[in-house]
Amino acid sequence: MQKIKSLMARQGLKSPQDSVSDLSPVEHLRLPSKEESRELREQPIDPQAQQEIINSIEDVYFSPDSFDIVKYEMEKLPPVLNLQELEAYRDKLKQQQAAVSKKVADLILEKQPAYVKELERVTSLQTGLQLATVICSNGRRHLNIAKEGFTQASLGLLANQRKRQLLVGLLKSLRTIKTLQRTDVRLSEMLEEEDYPGAIQLCLECQQAASTFRHYSCISELDSKLQDTLEQIETAMDQLHMHFTQAIHNTVFQVVLGYVELCAGNTDTKFQKLQYKDLCTHVTADSYIPCLADLCKALWEVMLSYYRTMEWHEAHDSEDTTRVAEGGGTTGSEESNFDRNYVKKKLEHGLSRIWQDVQLKVKTYLFGTDMSTFKYDDFIFVLDIISRLMQVGEEFCGSKSEVLQESIRKQSINYFKNYHRTRLDELRMFLENETWELCPVKSSFSILQLHEFKFMEQSRSPSVSPSKQPASAASSAAPTLFEQYCSGGNPFEIQANSKDEETEDVLASNGYESDEPEKSAYQDYDSDSDVPEELKQDYVDEQTGDIPVKSVSRETLRSRKKSDYSLNKVNAPILTNTTLNVIRLVGKYMQMMNMLKPIAFDVVHFMSQLFDYYLYAVYTFFGRNDSLESTGLGLSSSRLRTTLNRIQESLIDLEVSTDPSGALTAGEERKEKVPSPHLSHLVVLTSGDTLYGLAERVVATESLVFLAEQFEFLQPHLDAVMPAVKKPFLQQFYSQTVSTASELRKPIYWIVAGKAIDYEQMLLLMANVKWDVKEIMSQHNVYVDTLLKEFEQFNQRLTEVSKRVRIPLPVSNILWEHCIRLANRTIVEGYANVKKCSNEGRALMQLDFQQFLMKLEKLTDVRPIPDKEFVETYIKAYYLTENDMERWIKEHREYSSKQLTNLVNVCLGSHINKKARQKLLAAIDDIDRPKR
């Protein structure tokens, strides 16, 4: 019926039943009869007319609201009724009803197939429901059979067993909960008792247990209490840091206050009211180091206490981790890890805070006193303490201790500038009082035997790379200070106890205060137990001048002549007390640099000034001679001249040097420059018997060479601590200054060679020789014998000097080379003074020179003979033709204009005419012109 209504609604019609229901009961009785209906069906149907009739039905009949149709129609009647009108209206209504009925019948007929199909589906559904009813009935019957087939008692036992297990677990949980409730009370008691480690451990265990039973509602309140307790513990962690900070402040204040009051000598309490910074300024110089040592000891105890706190947590954290891993509680493990990480981060953050407080307190103490006037060993001890403290800081929290480094760097530079200035003044005093006597040391002497270099034996050479060190040394790491002294002791106590021994070594620093420390440094150099017997015999013979009893073979004599002029055969180093003093100063400087690497450049710079001043002094005393440069022999290299000029400009205070009084004003003392030293009046350099102070010259020059060798030995150590940006300075110092030390030998020994032989006498003897002879001579001239006697006398004097001072082979070679070079140049000068010379005279010159060479080679082992070609070439030039001589003159510029001019004049008339003479003289003038 609803489908019919919906179809009529889509067609804009109302259902017939709705229309019928709207009629009054009277109208129901007047429905069309079968005959009327048949008549209606038999009447021709006009769909359009049919639709118009339906459309003419009033809208009220299509309204879903129910109303009284009869009443509605009656109210529509006019006041005066007309039968015909009523019948006509009635017929209209009938037509409308018939049209509607016809429309409904058509729709029913149209939907008849669908109705039949739906009826079939309903029938099929009814059949399925009946089958389902049968299946359900069978299922219920089978369930009843199963229930009756199994024993209800067995299933009841299983259920009871499960309940029992659950109850046992519940009982265990209840007991744990009861323990947790009691533990909460115990936690409060432990906090009141300030047993924080125990409270922390107990709280973490309770939290882990609470997280396991958090599914019980009764645990929620306990968990809240534990959280409150944990917050108290976390606050206790912050309080812990605060207490450590307060402990540091109180500790350092009490330590410094104790020393200040002790030194003040009264019980006045005014010092207690001072700030720590002001209190540090009242520490006296005598109590400065003991107070610093005690200060570091006290700070060590504070840091050690914190270290032990962290160590305790690490140990218990590892135990908790192992226990959780065995228990397998994932949720509890996560919370436990969170708590451990929180405490760990708190403690780790406190490391840097505590160390920063320690640095600031020590920095304040360091700046409270001016240490520029401290003794060297006292300042070194301060550096050692601070170095040890920085090591503690690095092990404590991995800090590089920038605050301490900068503080001690400033103090060190301030101290070192004052110390270095004083040492330079002392060095000038030593040099001016130095008599350049040999300081006897054993042949095995090494600077590492000096106390100032003992630290190098401990640190070993820094040039050795870690890859070349033994594997065992690399694998076994040294224990940290905290590991060494965790159970007891103090690293600063050990340092303080070793001060006495170190001070004893340092006090024997300059070689003048005591003989005994010096002997120990040289390992009893007076003893010759390590010298072979045959060398002892030679030593005695050479010193006394007696002929050894045992005969010496020619080979032995020749080997002795080839080796050295020496006092003995051990070839001990040649050095003076001043040299030793400089070496000791270098050791002290390196000690300071080794302890405080940030000032490495300043230390190396000052060390270079020590060497510069020593080199300049040796040159000033023994090598300065303006006439040397006029020889044109290049005795002083350009590098040496540059070095000497640099030293003079940067280090030598020439204005003070010209002051007769030599007094320094207070302002000048602050300068880096030092007055030029003056040679002691006890040193005589004008006596021919001593070869014009050759012994002193050898000691001075070779001690400088020895000093340069020590600097070369120390170069890898200096390079290892030198900042990378400053290494070019170190390389320049070695390449331009240290390496020039041996170059001073030439100008210094040239002065001796220039005076040892009477070259002027030889020129006079050569001037008396007649060179225009007409026949070949078979006998050489007398001047050759005289010159050879001069060389023999020089050799004897050299031997005498060697009895006082060992003359190294390079020195003897240079001396012989200088003398021979001067002699050969004197010979050429003598030949250049000849006015007339024949071919036979030139042959005589060759005879004389060959005789000189033959005898000279027996006196010296210097090979080849210096300037031999210089003489021979000049003699042979006499025979050259005009063209060959012109080319020869242009090629040989080593001869002077006078020598070349004389050669041309002597050849005039023999094989050169006047025209050729003018041409050759013009060539000589062209060569000489650029020199003017």
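Residues numbered from 1 in each chain as written. Predicted model: local features only at pLDDT ≥ 70, side-chain atom pairs only at ≥ 80, totals over all residues. Heavy atoms only, no water.

Looking at the nonpolar core
In step 1: Core analysis: the largest hydrophobic core is formed by 199 residues, its most contacted members being Phe-791 and Phe-852.
In step 2: In contact with Phe-852, not counting residues within four places along its chain, are Val-784, Leu-787, Leu-788, Phe-791, Ala-823, Asn-824 and Ile-827.
In step 3: Leu-180, Met-190, Leu-191 and Cys-203 belong to the second largest nonpolar core, which has nine residues in total. (Core = buried A, V, L, I, M, F, W, Y, C linked by side-chain atoms within 4.5 Å. Buried < 20%, exposed > 50% of the residue type's maximum accessible area, 1.4 Å probe, protein only. Contact = heavy atoms within 4.5 Å.)

Some details on unusual backbone geometry
In step 1: Going from Arg-863 to Pro-864, the amide bond is cis rather than trans, its omega being -10 degrees.
In step 2: Turning to its location among the elements, Pro-864 is positioned in the loop between helix H37 (839–859) and helix H38 (868–876).
In step 3: Even without being glycine, Tyr-692 reaches a positive phi, approximately 60 degrees.
In step 4: Relative to the elements of secondary structure, Tyr-692 occurs in the loop between helix H30 (666–669) and helix H31 (694–721).
In step 5: By relative accessible area, Tyr-692 is classed as buried at 16%. (Helix = DSSP H or I, 4+ residues; strand = E, 2+ residues; numbered from the N terminus.)

Some words on the side chain of Thr-643
In step 1: Within the element layout of this structure, Thr-643 appears in helix H28 (residues 638–650).
In step 2: In this structure the side chain of Thr-643 is engaged in a polar contact, spanning 2.5 Å, whose partner is the backbone oxygen of Gln-736.
In step 3: In this structure Thr-643 touches Gln-736, Thr-737 and Thr-740, once residues within four positions along its chain are discounted. (Polar contact = N/O pair within 3.5 Å; in protein donor to acceptor, adjacent residues only side chain to side chain.)

Digging into H37
In step 1: Between its first and last C-alpha, H37 extends 31 Å over 21 residues, near the 30 Å set by a 1.5 Å rise per residue.
In step 2: Considered for burial, the residues of H37 that qualify are Gly-841, Arg-842, Leu-844, Met-845, Asp-848, Phe-849, Gln-851, Phe-852, Leu-853, Leu-856 and Leu-859.
In step 3: At its buried positions, H37 is contacted by helix H35 (782–804), helix H36 (809–832), H38 and helix H40 (897–907). (Expected span 1.5 Å × (residues − 1).)

Some words on the environment of Lys-855
In step 1: For Lys-855, the location among the structural elements is in helix H37.
In step 2: Overall, Lys-855 belongs to the partly exposed group, its relative accessible area being 35%.
In step 3: In this structure the C-alpha to C-alpha distance between Lys-855 and Leu-788, which are 67 residues apart in sequence, comes to 7.3 Å.

A short note on the side chain of Arg-697
In step 1: As for its placement among the helices and strands, Arg-697 is situated in helix H31.
In step 2: One buried charged side chain, Arg-697, makes no salt bridge at all; its nearest oppositely charged neighbour is Glu-696, positioned 7.1 Å away.
In step 3: Beyond its immediate chain neighbours, meaning those up to four positions away, Arg-697 contacts Phe-622, Leu-685, Tyr-692, Ile-748, Tyr-749, Ile-751 and Val-752. (Lys, Arg positive; Asp, Glu negative; His and termini not counted. Salt bridge = Lys/Arg side-chain N within 4 Å of Asp/Glu carboxyl O.)

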